[in-house]
Structure formats: structure tokens, C-alpha cells
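A look at the structure
This is what each chain is made of:
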Amino acid sequence: MMMKSNSVLEEKLRQMAVALELLGENRFRINALARAARVIDSLDEEVEMLVGRDPESAVARLTAIPGIGKGLAAKILEFVASGKIEEHEDLVSRIPAGLFDLLDVPGLGPKAVKMIWERLGIETIEELRAGLDSPDFAALPRMGKKSIENIKKALDFRAQSAGRIPIGKALPIALDFVDFLEKQPGAQRVEYAGSLRRGRETIGDIDLLVSCADPLAMRKAFVEHPSVTQVLAAGESKSSVRIAAGGHALQVDLRIVENRQFGAAWLYFTGSKEHNVALRERAGKRGMRLNEYGLFEDSAKDAREDTERLVAEAEEFDIYRALGLEMIPPELREERWPLEELPDKLVERSLLRADLHTHTLASDGKLSIEAMARHARSLGFHTLAVTDHSRSSVISNGLSIDRLRTQIEAVRAADAEIDGIRILAGSEVDILPDGRLDYPDEILEDLDIVVASPHVSLRQSSEDATKRLLAAILHPAVKILGHPTGRMISQREGLSPDMDRLFEAAADTGTALEINAHWMRLDLRDRHVARAVAKGCLLAINSDAHTIEHFDFLEFGVLTARRGGLPASSCINTWPAGKLYEWLSR
DNA sequence: GCCGTTTTCGGCCCGACTGTTTTCAGTCG
């Protein structure tokens, strides 16, 4: 069975939307297709499973998904049955493949791409670069010197930029900017927004929001920041720049607003786009209008100035309340979560009391058991599990059976020596490609905790991966399935097992599934978390720390967990010590 | 193509900025 059908389907729908855009088709049909693509992408169940479960009622289940109607349900069924969508094949055959790349160039939209394609026959990035200086190009309507210059710069930016960057790299850059802006004279409130605030695993650009006494000076300071390589826009309330930082080229947007409008602006600037649309539609139905300046009575003419008709603006909370909603955390402001029926009592970073997957000098960690434990204690944790690598992980200096026995003794000694935190003797045991574990059962029984993780053979088939991981979940010694798919963000896909079968088995055995908090992993990912929670699984949020700074990564794991709607009660790291030990010894 | 406490037809979120224009189209978020 093909387990990545959603991403394939999403791509096809997206291509259809783009193709129709280039062909100048109906705007709203294009939007509907683009929305459907996003909906499919954020679905937590593969469409094949969704359809296959009960083909009789498949259409009803598909049309129950917001944004999917009869027409798209039929296309999805066609896709599941044949792997293809006829209209997609037809559209793609009419559009040169390179045009999709051209549309990716910042500043080039469908109108411009269509024009240079039809008038000059330009179909690829290379042809665009070569054609930019020709007189024909400058003769196109609305194509002056400045526009051509901007396209050139956009092409250069595209060459340097790696696209979306991992959240772990974006956050420090954003925090540097926040710090910089806070230090400007007259600065009042500075926050980051966008997908960074929503905790997505990768970030396309950094969105910043400022209120201040002197907007002009603030804008000037921003566009003259040392890391800025190009100023894209510098208006009264909105500026955009490109920067080079930490080896990355990326875009940073700054919005300057009145302090009293901060909540409305932060809400708008945090998104997601789909969430904004949903809120604005809701406002409309209730006779109100929502924009980045506030929530207004619909009769307001100029929303920005019409303070008399203002309903709410100051804080996000006020706007949600005025719309008849609870405050929605940024992590849940995504298409996958409807405005009502949101999960409650989400896990929070401050509720974590234990880290159950860490490394020390014994394998590839940088610090001693004692140093790691003292730091964990300073974070308020009652428990730290030391889980160095097993013998097969040669590159990571995995422990032989003898070395593991020595390590267990060392953990016992450290635990006796250090008060205020319990140190568990554990191991991150490799799950071998055939599903066996990397140590014999006898020694596993001597450990307080076993985290079983896949590290090699990450390209095996879905069937083999499913068997492999199921075997680990069903093994009585295994308490946690570590980074279940082994994916590395934008580097390798990792395993693609039948997640539903894993979740059902894990719910049965009470084995916890890990959200590995390292920002290169975040595995399980958000949509898997939602599915696992729905199936009744326990989850763990672990740092996989190799040194004390890595405990900071727990925040990324928490963001991912919250995006998946994980309640604190299902996260074993929040449990009191007694409950956790009882679970470990069951 | 989707959708429905004004609905099964006629709408579809809202605003900022730029560049090339003489009043606005295109792009972006």
C-alpha cells in the first residue's frame, strides 16, 4: 500500500490550481482547488485509508471535510482508484513544467508569468534570466526598469535561499530581531508572529510586529539592520527586507501598529491565512467586520479610523470573545482545527517534569550523567532517563553489553549521589531492520526504561517498516517508541509505516510514542500526534539531549504536540513521579 | 468548486505596497 498518497494528491490539486491560474480560469474555482490542496495536506489520515475503510460511504466522509464538495470528492475517488486525476493530466500537458518554477519567483505572479510565456515564449528560469535584458522584455506592458531589476534580485535570492528553514534556526534569528527592535527608542511592544508563532516545523519568512512612539525611526532602524541585504518595501505601516543570517537568506516582514490595536494586528499577522479567513467569515455572519485594526460593526466605513464602531481590538482574547469563541492558541490556528470543537487542556512546557531520552559521554553525548542530571533538576524535573545508544550504533559509540552493564552501575551511583532528581538507567535501543531489538531480553530487563528507535534502513518499504515498528511496540520491555519514522526535516523522508496500525497497537499495549523535540526531527510530527491522540495513545516529549543546551529544544516538541492537540494528561512527561514509575513497572 | 440562522443561487477576507500609471493592476500575506 502506498502511504504517502496525501502529499501526492495535494501536489496534483495544487498544480491544477496553478495551471488554471495560468490559463486565466475562474478565480474562485482556483481558490477552491488551492484550499482543497491545503486541506488534504493537513489531513491526519491518508485518503486511501479514509476511502478504503468503507467505500459505500466514502463520498459522505469526504464531503464532510471542509472545502471538499461533490466535485472534489469525485476527483479524490478517481485518484485513489487510479493514482491519477484526468483533468490534472490534461492541464499539466498544456502547461510547460518550467512555468511552475517561474511562479515560485517572488514578485512574479500568474499574470506576469502568463504574459512572458505567451508573448516571449519564456518557459524556464534559465530562459527568464537570459531574456531579462532583451528589448522585447522591456517592451512588455508594466515592465519598467525597476520591475526588471526586482526580478533579477529575486532570482539571485532564490538561488541562495534554501526555501523554508527549520524552526530551530528561525527562532534565534527572530529573537535577535525582537531584541534589536526592543532596544530602539520609543519601542513599546515587540513580538514575532506568523508560522513561527504557530510553531510550524519549518518557517518561510519571519513576521515581526511592533508598536512604538516613533514609527518612522523604527522603520529606518529595521531596514538598516546590519543583516539586511535588500529592502523590498518600506511603507508607513509595513516593511519587508531580505536578510542574510546564520548561513541563510530569508525574508523578514515588519508591521508597525498602534499599541491599542496590537491584539488585532497580532491575530491577523499570526494567521494562518485560513484561520483569518474563517474568523472574518464568522465576523461577517455576525454583522461585524474583522481586519488588522480591530473588530468593527459592519456599518463602519473606514474601519481603520472608525473607533466609534469598534467592538474589540486590544488583545486577541477580546476579539475571540466578541466572536463568541474561546481564546484559540496559535498552534491550533490551522485549517485542520475547526473554530469550535477545539482540544482542551493542551500540554505546556511548564508542565513537563521528566525527560526520558538523553545521552551522555558514554555514547555520543557531551556531558557526564551528573552534569545532565543537575541541569535537569534545575529545570524542575523529578526524573531524568539516561538512554545512551545501543551496540549497533557504531557511529554514535553505542554501548556493548559489558559497557551497558558498567553504565547501569554508573547511573545507580549518580542517582545515589544526587538529591532532588531520580536518574533512570535506560537505553535507546536500535530497532534492527527486521524488528528485533539490539540487545537480548535479559539485559533489557535490568533497565528502568527502554526507548526503542529506528536509526538505519530508513528507506525500507512501508510493509517492512510497519512490521518492524509493530514488533518494537509489542515488545514487553519497550516503554517508548523513539522518533518513530526517523525522518530529518528537509533532509530525509524517513520510514512511512501504516501509522494507524502503529497507533492502534500502541494504544493497546500502553507503549508511549515519542515526539522527539530536536528541531531537525520533530518526529512524531503534528498531524501524526493528532491521529495518535484520537486513537487513545500515550505520548512522550523528549529532548534527545546530548548536552544541556539541548533541553531548550523541548519547547519545539511542545509546540508540535500542541499543534496535534495533545492534552497534558496523555503526555507521560507531565505525570507525577509516582504515576510515571508505576507505568514504567507495569 | 464550495457553501448555507438572510441561502440550492450568487456570493466567495481584507488591506498594504510598488511600479507604472494618470486612476490602478499585480502581488503578497
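Predicted model, so just to flag it, every value in this text is computed and none were measured.

1. Structural notes on the overall build of chain A
Looking only at helices and strands, chain A has 25 helices and 17 strands in total. Compactness check: chain A gives a C-alpha radius of gyration of 26 Å against a globular reference of 25 Å for 586 residues, within 12% of the reference. The dimensions of chain A, computed from C-alpha atoms along their principal axes, are 80 × 60 × 50 Å. Going through the 586 residues of chain A one by one, you find that 54% of them count as buried. In chain A, 76 side chains carry a positive charge and 92 a negative one; their mean positions are 4 Å apart.

2. Notes on the protein's contact with DNA strand B
Around DNA strand B sit 50 residues in total, of which Arg29, Gly69, Gly107, Gly144 and Arg280 are the nearest. Those atoms of DNA strand B that come within 4 Å of the protein belong to sugar or phosphate at a rate of 73%. Gly71 is positioned such that a nitrogen or oxygen atom in its backbone is 3.3 Å from a phosphate oxygen of DNA strand B. A distance of 3.1 Å separates a phosphate oxygen of DNA strand B from a polar side-chain atom of Asn291. Only α2 (27-42), α5 (70-82), α8 (110-120), α11 (145-160), β5 (228-234), β7 (248-257), α16 (273-285) and β8 (288-291) provide two or more residues apiece to the surface near DNA strand B. Taken together, the residues that form the surface near DNA strand B break down as 20 nonpolar, 12 polar and 18 charged.

3. Re the nonpolar core
Core analysis: the biggest nonpolar cluster contains 60 residues, and Leu513, Ile541 and Leu566 have the highest contact counts within it. Leu43, Leu50, Leu72 and Val113 belong to the second-largest nonpolar core, a separate cluster that totals 51 residues.

4. Observations concerning the domain arrangement of chain A
For chain A, the domain assignment lists domain 1 (6-93), domain 2 (98-160), domain 3 (165-256), domain 4 (261-332) and domain 5 (349-584). Taking only C-alpha atoms, the centre of domain 3 and the centre of domain 4 are 23 Å apart. Residue-level contacts link 14 residues of domain 3 with 14 residues of domain 4. Counting each side, the surface lost to burial between domain 3 and domain 4 is near 1,400 Å², with a carbon and sulfur contribution of 58%.

5. As for the sheet that holds strand β4 (residues 205-212)
Strand order in this open sheet of 5 strands is β2-β4-β7-β6-β5, and the pairing throughout is mixed. In the strand order of this sheet, the two ends are held by β2 (187-192) and β5, each with one partner. The sheet shows a mean angle of 20° between the axes of neighbouring strands, taken without regard to direction. As paired elements, β4 and β7 share 7 bridges and run parallel to each other. Its bridge partner lying in β7, Asp207 is registered against Asp253. Contacts between helix α12 (residues 167-182) and the sheet are confined to β2, β4, β6 (238-245) and β7, with β2 contributing the most and set at about 175° to the helix.

6. Comments concerning the pattern of salt bridges
This model, assessed by the stated rule, comprises 38 salt bridges. Among the ionic pairs, Glu315 bridges to Arg189, the shortest N-O distance being 3.3 Å. Taken together, the positions of Glu315 in the loop between β10 (310-312) and α17 (316-322) and Arg189 in strand β2 put the pair 126 residues apart, joining distant regions of the chain. By relative accessible area, Glu315 is classed as partly exposed at 35%. We classify Arg189 as partly exposed; its relative accessible area is 22%.

7. A look at the side chain of Glu428
Inspection of the secondary structure assignment puts Glu428 in strand β13 (residues 422-430). Within the local environment of Glu428, its side chain forms a polar contact with the side chain of His357, the two groups lying 3.0 Å apart. Those residues in contact with Glu428, other than ones at most four positions away along the chain, are His357, His359, Thr387, Asp388, His389, Ser390, Val451, Ser453, His455, His483 and Asp544.

8. With respect to the pairing of β6
Among the 8 residues of β6, 6 are classified as buried, and the element is accordingly described as predominantly covered. Sheet topology note: the β5/β6 ladder contains 5 bridges and is antiparallel. Note that in β6 the partner of Val228 across the bridge is Ile243. Linking β5 back to β6 in an antiparallel pair, the connection comprises 3 residues. In this sheet, β7 lies alongside β6 in antiparallel orientation, the contact comprising 8 bridges. Residue Arg242 lies in a different strand from β7, and its bridge partner there is Gln251. Taken together, β6 and the strand that follows it, β7, pair antiparallel across an intervening segment of 2 residues, in which Gly246 is found at a positive phi of about 55°.

About the criteria used
- Residues numbered from 1 in each chain as written.
- Chains lettered and ligands numbered in written order.
- Predicted model: local features only at pLDDT ≥ 70, side-chain atom pairs only at ≥ 80, totals over all residues.
- Heavy atoms only, no water.
- Helix = DSSP H or I, 4+ residues; strand = E, 2+ residues; numbered from the N terminus.
- Rg over C-alpha atoms; globule rule 2.2 N^0.38 Å.
- Buried < 20%, exposed > 50% of the residue type's maximum accessible area, 1.4 Å probe, protein only.
- Lys, Arg positive; Asp, Glu negative; His and termini not counted.
- Charge placed at Lys NZ, Arg CZ, Asp CG, Glu CD.
- Near = heavy atom within 4 Å.
- Polar contact = N/O pair within 3.5 Å; in protein donor to acceptor, adjacent residues only side chain to side chain.
- Nonpolar A, V, L, I, M, F, W, Y, C, P; charged D, E, K, R; others polar.
- Core = buried A, V, L, I, M, F, W, Y, C linked by side-chain atoms within 4.5 Å.
- Domains from an automatic or database assignment.
- Contact = heavy atoms within 4.5 Å.
- Buried area = accessible area lost by both parts, 1.4 Å probe.
- Pairing = 2+ DSSP bridges.
- Axes fitted to C-alpha atoms, helices over the stretch in contact; angles between N-to-C directions.
- Salt bridge = Lys/Arg side-chain N within 4 Å of Asp/Glu carboxyl O.

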